[in-house]
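# Summary of structural features
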Protein chains: 2
Amino acid sequence: MSIDMWLFFAIGLGVVSLGFALYLYAWVNRQDAGGARGQQIAGYIQDGARAYLAKLYGTLAVLVVVLGVLIALIFSLDMLESVKAHQLVGCKKPLEGVWTALAFVAGSACSGLAGYLGMSIAVRANLRAAVAAKVGLNPAFKVAFYAGAVLGMAMVGTAVIGISVIYLFTRDPEIILGFSLGASAMALLAKAGGGIFTKTADIAADLVGKVEAGIPEDDPRNPAVIADNVGDNVGDVAGMGADIFDSYVASAVAAMILGVGVGRDTANPEFYVVFPLVLCAVGMLASFIGIQFVRVGKNGKPGAALNSGTVITCVIFGVLATLLVLAGGYNLGVLIATISGLVIAVLIGFCTDYFTNDERRPVQQVAAMSKSGSAITIITGLSYGLISVVPSMIGIVIATLVSYFSAEAFGISGIYGIGIAAVGMLSITSVIVSADAYGPIVDNAKGIAEMSNMGHEVVERCDTLDSAGNTAKAITKGFAISAAALTVLALFAAYGEVLQGLGLPLKMDLQSPLVLGGVLLGATCPPVFSALLMLAVTKNAFLMIEEIRAQFRAKPGILKGTEIPDYARCVSIASAGALSSLALPAVIAVIIPLAVGLLLGTDALGGFLGGSIFTGVIFAMFMSNAGGLWDNGKKFIEAGHHGGPGSDAHKAAVVGDTVGDPFKDTAGPSINTLITVMSLVSSLFAPVIAALSLANFIK
Amino acid sequence: MSIDMWLFFAIGLGVVSLGFALYLYAWVNRQDAGGARGQQIAGYIQDGARAYLAKLYGTLAVLVVVLGVLIALIFSLDMLESVKAHQLVGCKKPLEGVWTALAFVAGSACSGLAGYLGMSIAVRANLRAAVAAKVGLNPAFKVAFYAGAVLGMAMVGTAVIGISVIYLFTRDPEIILGFSLGASAMALLAKAGGGIFTKTADIAADLVGKVEAGIPEDDPRNPAVIADNVGDNVGDVAGMGADIFDSYVASAVAAMILGVGVGRDTANPEFYVVFPLVLCAVGMLASFIGIQFVRVGKNGKPGAALNSGTVITCVIFGVLATLLVLAGGYNLGVLIATISGLVIAVLIGFCTDYFTNDERRPVQQVAAMSKSGSAITIITGLSYGLISVVPSMIGIVIATLVSYFSAEAFGISGIYGIGIAAVGMLSITSVIVSADAYGPIVDNAKGIAEMSNMGHEVVERCDTLDSAGNTAKAITKGFAISAAALTVLALFAAYGEVLQGLGLPLKMDLQSPLVLGGVLLGATCPPVFSALLMLAVTKNAFLMIEEIRAQFRAKPGILKGTEIPDYARCVSIASAGALSSLALPAVIAVIIPLAVGLLLGTDALGGFLGGSIFTGVIFAMFMSNAGGLWDNGKKFIEAGHHGGPGSDAHKAAVVGDTVGDPFKDTAGPSINTLITVMSLVSSLFAPVIAALSLANFIK
């Protein structure tokens, strides 16, 4: 097929995917919404979510306009005499700056649209899943999973349409970096901000509600309960969706840029550039089929249904990709890279599961150690969290080496192999996201069922659905982390390719002091970034705790159940705090790489990106896994071990869980976005940095 | 002066230093040991220390013999046909293997001797300082500081004598790698083992004594109290001494190896090899003078005395080094490197102080957050701990760049500049170590004064001396960490120089997948290593808690004060646990670099070493600073803030302090030793790895 045909193929499947998402949206929306009490509670959550989204999109709009103008302006710097003097081969023209700025706006708009669809159906599906649970497990599962699939399908659809259309018009993958940066800007706000929101509400609701006032979780008397429920959607639906959208686009762009070098001297130079999009399209096809297999039989297990959906999609994708490569007579090395990445991602998922599964030693050990008090719980959990990175890191190294050398063995650039492995992993994204977004929906459903007194059986069914979500999460999370790791490695390589295109081959020898300095500075960023997010959570939780206490004091009827608390105040504190706390972390993400590049040069900036990957991948896995470990350790004790709920061991485990909350839901998963933003900023502004850097004068 | 003259100069000053140490030993030993009750308590501590040292040196002896034979054997591998076939230029001869093995034995013996002298005087000086405190602050300070100086003087003396003698006979700095590895083997056992010992005893004594039995700290009824006091010496005297001995030797060796390349085409090729030893000798001279200034005037402050001793020694060293370089007409770039390193080390010390000083925001913020419970204390402390690495990392990068480019500006290898900066920093080691070893001595003195009822005034004076030790620690710690960081960077460069000498120039481009894989694997080691040490602490503390409870049950008279607990059992549990838990961490340190090198090649091994430095430096600083922060946060509350002792905030702060204990005294400070061992193993076995690596076949 011609290149244009492939692009239309991708766009076509993207439109189908988006259409499918809208169809599912309408289907879920048609389901029974039950009685007035449930609708009232769900209405509070919807209002809260709407308020948050309004603030989020408002902030995003400002950020996008400012950065968009900045991009267009900075590119016109290329016209300056000082820049021209360096005669960089591939220097941009101002028109390309405008294109890039437009692509940037489009990227955040596409991600925003997908997130909006996903969020607005999630906060409807929660109630409908609870109502459906009156009938049985299966109908409730269907509502929740299909609602999750809205996000999954909409995401990949808008992403592939956006990328393909831009490429169709510009034929320059570097302009798509702008699209990717737009997606990253959205991810930074939605994931890091959402992570701060959800944990602010969670910690505050628990500390004042459960500990001080002695009321149970998900109790409508708690002023923060709605913020807590909104937070689940904000963090785990909108945030997670934007995060994976970001990785998905970034992996495609990185591979496309690397494809330019691969195709340069071949008969069909654009083929390797477009091939990542073809893989994305094949992945969408595989997901359409795979999603059909996600069904709970009578008395079946929803957790198994979710996992088998993932595995089946992987298999279908593998078969389709093999057929494509064999039938088209394409490069076999690329196929091996794709498949090896996929296999290792699944293996990493199972390893992650080992460290967070309550049937395994780490969780049980943390639970047992809780008998000696919370300090020992913390030390043990931190330690196992650190150890848990070992299998994943080995897996990532193996995936890197296999995809690299299999591509090399078949005569094309090994780096392209790494990029393709990342795309391969992420091409089944829509199934992963569907299973992930299912989690907060059923979690909310359980809350609504409890708050509106739907009865013991319904709550129990929702609970079964909820724990299925947690089981599936281990695998999808391992998947997401390893895919993100390969993606940032591919972006790292793409940075080199961009410089190569400028006639400035990147020299990143660790024996160069500038590179070494860059690595050390880059390695410092992810830990500091995660620390800033965690401090934002504690600071905002502090404010919300004051608010809850003030409401209890001002309206004594709240605790008696005769007055309705002001839910909106808590939602507003969480929203405002989350977005305003992002200023400093955003500066790290955008300004620091520019500063390093301008001061120490492009080689040092390469080292900087490398350094951020080295610690970033480790901190992301460590924090996510330690958080999951503590969470399940607490649940293990709540299931009746070591004295059960209320025991000293349980109190210690609750401390562990609270520490783990911002680890696993705020800091850990946002690191990936940080690295992506830093890599994209570096690649995008490479020409300007190369021309203006102070290091030019040192040399 | 001729090279031999310089060597004799260094040896001579080494002998003077060692003699001075013995003189101070005798002087401290002559001081009044007071009454029977104090002698009895101190006797328990001495017995415990002796028991631990016997076990430590026994283990060391076994390790040294096994590794020594292994070294000799592996070097004879060079004679194999397969190795010869690679025709490595600088391949070792079997005789050099024997020399290296002997140097290895000598390195651990020298470190062991210095540690023995330091430990055995420390456990005598504690009692004598307490007795002297009856007279006044000043005599007590003198006893404790001079006892600390025994370790400081003995260390640098034995190290410089050892290195100089080996070089005098062999003229091959690579053989001194063996000496350095011997010192590292001792450091691994003494520092990591000592760190496990001391925190096992500390945590167990606190949890059962203070929390369960409700008896105060340092109460003789607690069976673990002696183990706790022994632990202070074991961790902070023997362990700290071996750790800095290790850095001191490693920095000298690294710079000497780098000096080979610098001198290669000059008129006096050996000068740059021997220059690091000359700097060490000058540093000893400066220390002799500087130590004379460490005096507490009437009503003076002991903390200021310690700090001014450090600063004065730095200044004297700077002046002497300048005179030396100017008078001798040596390279000015080297002088700038030395001095810039020294200045930045002091600045880093003050930055570290900011994050752990209770008059500054971070500590006060953690204390204030403790009102919301222990989980918030932990999150806040972790966050500030992570942020605290920023100034130090920037300082290290500046020191690296300045020392590199100042050397280059004067026409010699920039890498040598980095090596010299590390040697410059460490040349004032004996003052740093003296001030550091002073801490546990006065801490013990306070314990003995309390346990043997020496009266309120004596305890108070010991307390003043103790907090002076903590103040001084912030600066010496910052100093030690930055020196260690530059040392491992120099070792990293030395690895490249060794390979260069073999005719195999190191290519560590981060764009190579093998190098990248190496970096990712290397970056994983420090976190995992620290996690294993922390798990060892919790596991052993668990065992000791059982033992203490069993003693209380079996002998009810203990708590009434009518029966003496079995202190030796607790010491024995701590010793056995500490040393046996080191098996797995030691494997990481020795086997993993060999495995990476043999599988992925020497370039990947270079990446591996780099990766271990990147995360190692960050984790070491993060853990040390977070631990110090929590410790002082607790003390801040104990001083009467936020409800004071016994309040909820205090309970939360105690949890933070307990988590921080293994952070700052076990895991954090041991990472440096891990990296040193891995670097030395790699450099030492580089010829074998280069010849036998699997990567040879891939290429």
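A short tour of the structure in this document, coming up. (Residues numbered from 1 in each chain as written. Chains lettered and ligands numbered in written order. Predicted model: local features only at pLDDT ≥ 70, side-chain atom pairs only at ≥ 80, totals over all residues.)

## A short note on the nonpolar core
Inclusion rule: For our purposes the nonpolar core covers buried Ala, Val, Leu, Ile, Met, Phe, Trp, Tyr and Cys residues that link as a set through C-beta atoms within 7 Å. Partly exposed residues are those whose C-beta has more than 12 but fewer than 20 other C-beta atoms within 10 Å; 20 or more makes a residue buried and 12 or fewer makes it exposed, with C-beta atoms placed from the backbone. A run of H or I in DSSP counts as a helix once it spans at least four residues, and a run of E counts as a strand once it spans at least two, with each numbered from the N terminus. The contact rule is simple: place each C-beta atom from the backbone, and if two of them lie within 7 Å, those residues are in contact.
Core analysis: the largest hydrophobic core is formed by 584 residues, its most contacted members being A:A144 and B:A144. A per-element tally of this core places helix α16 (residues 456–501) of chain A first, with 24 residues. Non-local contacts of A:A144, meaning those with residues more than four positions away in its chain, are made with A:A125, A:A129, A:Y438, A:I441, A:V442, A:A445 and A:L465.

## Some thoughts on the interface of chain A and chain B
Listed per partner, the contact involves 58 residues of chain A and 58 residues of chain B. Elements with a contribution of two residues or more to the side of chain A that touches chain B: α12 (374–387), α13 (389–409), α16, α17 (513–554), α21 (602–638) and α22 (648–684) of chain A. A total of 17 residues in the side of chain A that touches chain B trace back to one element, the largest contributor, which is α17(A).

## Some details on α12(A)
Stated formally: Expected helix span is computed as 1.5 Å times (number of residues minus one).
Over its 14 residues, α12(A) extends 20 Å from the first C-alpha to the last, a length consistent with the 20 Å expected when each residue adds 1.5 Å. Taking burial as the measure, the 14 residues of α12(A) include 14 buried ones, the bulk of the element.

## A short note on the packing of helix α5 (residues 137–170) of chain B against helix α7 (residues 225–263) of chain B
A pair of packed helices is characterised by two quantities: the angle between their axes and the separation of those axes. All names here are of chain B. Going by this rule: Throughout, an axis means a line fitted to C-alpha atoms (over the contacting stretch in the case of helices), and angles, computed between N-to-C directions, take values from 0 to 180 degrees. By convention the crossing between two helices is left-handed if the near helix lies anticlockwise of the far one by an angle smaller than a right angle, and right-handed if it lies clockwise. Throughout, the ten residues Ala, Val, Leu, Ile, Met, Phe, Trp, Tyr, Cys and Pro are labelled nonpolar, Asp, Glu, Lys and Arg are labelled charged, and all others, Gly among them, are labelled polar.
Direction vectors running N to C along α5 and α7 enclose 35°, while the axes themselves pass 10 Å from each other. For the crossing formed where α5 meets α7, the hand is right-handed. Within the contact between the two elements, α5 uses L151, M155, V156, A159 and I163 and α7 uses V237, G241, F245, Y248, V249 and A252. Split by residue class, the contact of α5 with α7 holds 10 nonpolar, one polar and no charged.

## Points about the environment of A:I379
Locating A:I379 in the fold gives a position in helix α12. On the basis of neighbour count, A:I379 is assigned to the buried category, with 29 C-beta atoms found within 10 Å. Sequence-wise, A:I379 and A:G195 are 184 residues apart; in three dimensions their C-alpha atoms are separated by 24 Å. Other than its neighbours up to four places away in sequence, A:I379 contacts B:M534, B:T538, B:V659 and B:P662.

## Thoughts on the relation of the copies chain A and chain B
Applicable threshold: Least squares is used to superpose the copies, and the fit set is the C-alpha atoms of residues whose pLDDT is at least 70 in both copies.
Mapping chain A onto chain B calls for a rotation angle of 180° and an axial translation of 0.1 Å; the resulting RMSD is 0.1 Å. On this basis, the relationship between the two copies can be described by a two-fold rotation axis. Within chain A, the C-alpha atom positioned nearest to the axis of rotation is that of A:D509, 2.1 Å from it. Taken together, the interface assignments show that 100% of the residues at the interface of chain A recur at the interface of chain B, consistent with an identical surface on both copies.

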